[in-house]
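# Per-entry structural report
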Amino acid sequence: APDPSDHQAVGIAVLRDLLRIEDRPTRVRRVLRIWEAKVSMAIRSRDLEGAEAWMRGVTGNADIPPEHAEAVAASLAALSRPALIDELLVWLVDHDAVDQAAGLFAEWGDPIVARMIDLMTVDDPPVNRRYMVGVLAQIGRHDSRLLTPHAGDHRWFVVRNVAIALGRSGRLATIPTLRSLGGHEDARVRAEAIRGLAAIDPEAGLPDLISTLSDPDPRVRGVAVSLLRASPSSEVVTRITDAIMSSRLHVADAERLVDVIAERREDIATEALETIAGTRGRRGAPKPVRAAARHRLAGRMP
């Protein structure tokens, strides 16, 4: 018996050729309606690979003439019915198969992102919001440019979720956006932005963590301290020491950072504690911080 995937490949190839050579608008719209039906049928039958292949037949077709762009956009919008997307999303969550739709979602692009953003704003979404963030992260791994415009949304909770998705995408291209969100007016957004930076590039994100130690919100500063504690960078001790010696940190945060230094077993950690404990005056650490460093030094003695 012939492989059904062979028939699908032939069908997709024919569709691509028709869109490439056809110049009659009515015929183009007819071909695109067939395409909509094929993608929708594959989704409803839970054939994710088939749906992705049919979707790519148009969204990934670089040979479609520019004059067909409006018709293609209209067809994609018609396909992207909220009911169809929501039904698929619920099925994926129920079957723990969200990751299996990564390719389909990446090809779908803007309409899926827009629907996830819409669902985040309703009181009773069809699935938990963490799954929506997961979908956005999947799309971001393919093309983070689909997410970055939503970092400017006026709703803080939408921006927070976009920041989480950008961080999970792992794309270096998201660093400028995450850095800009480090200055967002809402502390919850700033916290997720700094988490994302630390996850994407621990070394490049280290200066951002140090800067965040001056954030006005103690919760955000707490996130920065925790991330510095977990950082694998060899520069952590030096950077933290400089920050403590600047005397610009809150005393409680500086004391916690002394603990972070003390947890490191490198020789430089002992030297840093000695420096903090032994300096005073305008260029030295506050008295409680010096005391904390002396206490930690005593605990390191053999």
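Structure report, in brief.

Rules used in this analysis
Residues numbered from 1 in each chain as written. Predicted model: local features only at pLDDT ≥ 70, side-chain atom pairs only at ≥ 80, totals over all residues. Heavy atoms only, no water. Patch = residues over 30% accessible without salt bridge, like charges linked within 9 Å, V, L, I, M, F, W, Y side chains within 5 Å. Areas by Shrake-Rupley, 256 points an atom, 1.4 Å probe, with all protein chains shown as cover. Salt bridge = Lys/Arg side-chain N within 4 Å of Asp/Glu carboxyl O. Lys, Arg positive; Asp, Glu negative; His and termini not counted. Charge placed at Lys NZ, Arg CZ, Asp CG, Glu CD. Helix = DSSP H or I, 4+ residues; strand = E, 2+ residues; numbered from the N terminus. Buried < 20%, exposed > 50% of the residue type's maximum accessible area, 1.4 Å probe, protein only. Axes fitted to C-alpha atoms, helices over the stretch in contact; angles between N-to-C directions. Parallel < 35°, antiparallel > 145°, perpendicular 65-115°, else oblique. Left-handed = near helix turned anticlockwise from the far one by under 90°. Contact = heavy atoms within 4.5 Å. Nonpolar A, V, L, I, M, F, W, Y, C, P; charged D, E, K, R; others polar.

## Details of a positive patch on the surface
There is a patch of like positive charges on the surface, built from Arg27, Arg29, Arg30 and Arg33. Along the chain, Arg30 turns up in helix H2 (residues 25-44). Its relative accessible area of 47% is what places Arg30 among the partly exposed residues.

## Remarks on the packing of H2 against helix H4 (residues 69-79)
If you want to describe how two helices pack, look at the angle between their axes and the distance between the axes. One way to put it is that H2 packs onto H4 with a least axis distance of 10 Å and a crossing angle of 30 degrees. By the criterion of interaxial angle, the relationship of H2 to H4 is roughly parallel. Considering only the axes of H2 and H4, their crossing is right-handed. Residue-level inspection shows Val28, Leu32, Trp35, Glu36, Val39 and Ser40 of H2 in contact with H4, the latter providing Ala71, Val72, Ser75, Leu76, Ala78 and Leu79. Grouping the amino acids of the contact of H2 with H4 by side-chain chemistry returns 9 nonpolar, 2 polar and 1 charged.

## Some details on the packing of helix H7 (residues 110-120) against helix H8 (residues 129-142)
Contact geometry for H7 and H8: axes closest at 10 Å, N-to-C directions at 155 degrees. One element, H7, and the other, H8, form an angle in the roughly antiparallel class. As H7 packs across H8, the resulting crossing turns out to be left-handed. Listed contacts from H8 to Ile112, Val113, Met116, Ile117, Leu119 and Met120 of H7 are Arg129, Met132, Val133, Val135, Leu136 and Ile139. Class assignment of the residues belonging to the contact of H7 with H8 gives a composition of 11 nonpolar, no polar and 1 charged.

## Some remarks on unusual backbone geometry
Negative phi characterises most residues that are not glycine, and trans characterises most peptide bonds. The phi torsion at Arg46 lies on the positive side, around 60 degrees, for a residue other than glycine. Relative to the elements of secondary structure, Arg46 occurs in the loop between H2 and helix H3 (48-59). In this structure Arg46 comes out as partly exposed when scored by relative accessible area, which is 23%. Phi angles above zero are rare outside glycine, and Asp96 is one such case at about 50 degrees. Checked against the element boundaries, Asp96 lands in the loop between helix H5 (82-94) and helix H6 (102-108). Judged by its relative accessible area of 69%, Asp96 is exposed.

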